[in-house]
Structure formats: C-alpha cells, structure tokens
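In case you want the letters, here they are:
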Amino acid sequence: MTAAALEVRGLEKHYPGTARGAVHALRGVDLRVEPGEFFALLGPNGAGKTTLINILAGLVHASAGQAFVQGFDVRRDYREARGHLGVVPQELVFDPFFNVREALRLQSGYFGLRNNDAWIDELLERLGLTANAGTNMRRLSGGMKRRVLVAQALVHKPPVIILDEPTAGVDVELRQSLWAFVRELNGQGHTILLTTHYLEEAESLCQRVAVLKEGRIVALAKTGELLSGAASLEQAFMRILSNEASQ
Amino acid sequence: MTGFWTLFGKEVLRFWKVIMQTVAAPVLTALLYLLVFSHALQGRVEVYPGIAYSAFLIPGLAMMSVLQNAFANSSSSLIQSKITGNIVFSLLAPLSNLEFFAAYLLAAMLRGVIVGLGVLAVGAVFADLGLAHPVWVLVWLLIAAAAFAAVGILAGIWADKFDHLSGVQNFVILPLTFLSGVFYSIHSLPPFWLAVSHANPVFYMIDGFRYGFFGVGDVSPWLGLAVALPFTLTLCGIAWLMIARGYKLRG
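Residues numbered from 1 in each chain as written. Chains lettered and ligands numbered in written order. Predicted model: local features only at pLDDT ≥ 70, side-chain atom pairs only at ≥ 80, totals over all residues.

**Q** Outline the sheet that holds strand β8 (residues 191–195) of chain A, listing residues and values.
**A** Residues and elements named next belong to chain A. The six strands lie next to each other as β6-β7-β8-β3-β9-β10, forming an open sheet whose pairing is mixed. The sheet is open, and its two borders are formed by β6 (85–88) and β10 (216–222), each paired with just one other strand. Recorded for the sheet is a direction-independent mean angle of 15° between the axes of neighbouring strands. Pairing between strand β3 (residues 38–42) and β8: three bridges, direction parallel. Considered in β8, the bridge of F38 is made with I192. (Pairing = 2+ DSSP bridges. Helix = DSSP H or I, 4+ residues; strand = E, 2+ residues; numbered from the N terminus. Axes fitted to C-alpha atoms, helices over the stretch in contact; angles between N-to-C directions.)

Here is the structure:
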C-alpha cells in the first residue's frame, strides 16, 4: 500500500497544568490523507486542529499515538518527515532582523538548499512580493507578512503542504491569487491540508473534509457527500456540530 | 551541513546587525572598568610581583566580557524567538538536534570571543600584557565561551519571559563572574571566601586565562582544566538534551 501523504493513528494530546486545568486536546484521532488530495480539516475554535497540525509538523509532541508524513514517523524519522512538509502557521510570525529575501534564503538554507534564488524569485512573483523583496519584515503589512509565510512554507517545494488558516485577515486579491497558486501546486501533485473558517473556500477547493470537535473526528467524507441535503458546506457543518451536541 | 551553517550564519548576522549594542558597548563597559579601577588602585595593589595592576586586570575583564556576551547571545536569541514565535522557522526545518545546538553554541561563542579580543586589544593600549602561554589563552577563551554559551541556551529555553532571563543574569552570572577574581587575587580573601571561590568554576577560567598572559596564577591551569572542562561538557550535554527532548520548545 502506498504511504499516505499524512497519517495519524490513535493520536492523543493532553496539555497539563493550564489555568483551566488539564486540556485533552486530541482524543484518539485516526486520519489518513492520500497523496495528491486537497483535504479540509474543519472545526470550531479549540477543536484541536492546530494541535493536530503541530504534531504533524513536529512542533508539539503527542501524548500517545503516531503521526506520519509521507510514511516517515514524525518522531523517529523527524528529519525526513520535516523535509517533506511545508507549513504555513496560523500565527503571523516573522524575524524582525531580516528582509523578505533574506528570510526566504534562510528558510531555504534550513532545508539544506543553497542557490535557491530562481525558485525564490518565482515565489516572490507569484505571491506579489517582488517589489518588497528588500523590505524589512517589520515594515510589511499583515497581509504581506502572510504572503511571506506562504513563501517560506514553499521554499523547499514540499510534496505535502499544510495551510493553517492562511487567509485569516487577508484581502480578496491575496485570497484569489493564493488559491490560484495552491490549486496549481495541487494540480502538480502536491498534497494540501487546509484548515479554514471560510467554509466556502473548503467547499470549492477540497475533495474531502474532516470535521474535528473537542478532539474527535465527528465527520469524514467526500465534500459532495457532506453536502447532500444541505445548501452549502456551512449548513452541513452546522448540522454536524448540532447533531454532535445533541448526542 | 547546509542547515547548520545557515542557522549559525543567521545567529551571527543577528548580533552583527546590531554590533554597536552587542560588541562595541560591552568593550566600552570593560574599558570604563579598567580606567576606574586602575586609576583607583594602580600603585597601591600589586597582585603578582612585577605585574602592574592594570595589566593584571585586563585578562580578567576580557574573560568576564567573554562569559557575559556568550551567555547574552544564545539566551536573548532563544527567548526572543520563543516570545515572538519565529522560532518555528528553525523548528519546522529538518535540522538535527545536534545542528540546532551547535549553531546556537558556536554563534554565541563567536560573539563572546570577539568581545573578549576587543577588550584585550583596547586594554593593550593601556598596559603591557605579554603572552607567556598563547595556547592556554586560546584554550581558556574557548572553554569559557562554550560554558556560558551553553548556560545561555539552558536559560533561553527554560525562561518563559525576559524577567526569568534577567534573574539568571543578575543572580547567577553576575555573582559568579564578580566573585571569581576578576578584580583581585583570591589569595587576598579570608579563608571562608577563599574556599567559596575554589568552588566557583569561573575562578579557574579567569585564573587560567591570566596564566596564559603572565605565566603565573593562583592555581595550576591543569587543575583548572580538570574542573572547568567537565563543568563545560556537562552544561553542553544538558543543553543538547533539552533540545533533543524538545523541552519547552516542542509543546
């Protein structure tokens, strides 16, 4: 059997000792995303989406269970797993010491790539950043910083790309250009995992959808199947959550 | 190795871009110590026969600057990256734990050594330092820089806010360096404080470094090496282990 692009088995995560007491963020999650899929991971705030992504990315260690990227265990084979993954984090983070091109060159270097300027130039062009290549990260608007985060996730042309709410707080123009670019990458065979609260984006882009609630997968189906009997993915999503709440 | 060199280069660029703050300012601070103390004590204190007090003082000040700046580099870089969140860029990358550790350690050592050499260069204008055992000078420069670069990694990872880091700096680093014979020979101390000084690894670093210049010290540099080298390797080992386990780095 071909290795899944992303796979988690029996994934558990406890965060001990927070102000609200211990948090059980993931409760035995099993999920498999196939190579080449455009997959949506949806759920209300606090459902565990970012925790799941952070475990796949190696930013958080699971309390139990296993996670794989392209068949590589994120703990045991962490270098291979990370090398195959590009992540656009949800938080708007940047290093204030560097300009856009320097940030992208550094990110290339971390992934073992020297002389990556041809691809960096293409990323800058595709994401509308060429005019800002020499601008310090501090001077960029929020939307521009978001574009740089996308470019940083793609510098090593990863086969699997995770976008954690990439269009939160960005203008229509960037959304359109970003989705055109991501569709193109998906068309070239890149696997995409998307989390978003804009459900119309997931509906138009993704082939399959998983809904996470309180650390459990409560729905997993092809987008068309979830939409049956519902006017939109948003309506289907609300129905799933209310069904869960009444159980 | 490209990943390692990139992270190392990034850490060096980080302090190089603000060189006035990270290199020039600590050299100036050491120079002010030198001017004030040597003006106050020159001619009144002779720690070793034939060696002027200002000459005695300079290697101690240089070593104190090495320690403080090696610590400052790794600790401030890590806590800033943690607090602003940009540490994810290196945590997401396929860098080995050893590469991550070595990049932060060596960049911090480099800053410590540059500042230390800067203090020596400026100090040489004011006093004849000599260079009795250059190999010992180099050995102690590297050991001390490595030890406090590792302490900086430990503190930078452990600290949740700048206040924690400031606590380590003011309640650990500063007393260790000031009570280690930078400004005096520990043989001038009462027996109790003499014994306390012998338990301070920084004392051996400063004394050994000074031995490299003058060929005399309070203890044999070999005894110092027997204390300071295991101390440094232990600190490096703990820092590497914290990184390998993802302590406070990987949730």
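**Q** Provide a residue-level description of the environment of B:F4, including the pertinent values.
**A** All names here are of chain B. Secondary-structure assignment places F4 in helix α1 (residues 2–16). Residue F4 is classed as buried on the basis of its 20 C-beta neighbours within 10 Å. It is 9.5 Å that separates the C-alpha atoms of F4 and Y104, two residues lying 100 residues apart in sequence. Not counting residues up to four positions away in its chain, the partners in contact with F4 are L95, E99, A102 and A103. (Buried ≥ 20, exposed ≤ 12 C-beta atoms within 10 Å, placed from the backbone. Contact = placed C-beta atoms within 7 Å.)

**Q** Could you give an account of the pairing of β10(A), with specific residues and numbers?
**A** Alignment of strand β9 (residues 208–213) of chain A against β10(A), held across six bridges, turns out to be antiparallel. Residue pairing for β10(A): A:V211 is matched across the bridge by A:A219.

**Q** Before we move on, could you go through helix α6 (residues 134–158) of chain B and cite the residues and values that matter?
**A** Because an α-helix packs 3.6 residues into every turn, residues spaced three or four apart end up facing the same way. The first and last C-alpha atoms of α6(B) sit 36 Å apart over 25 residues, in line with the 36 Å expected at 1.5 Å per residue. Where burial is concerned, most of α6(B) is hidden: 19 out of the 25 residues are buried. (Expected span 1.5 Å × (residues − 1).)

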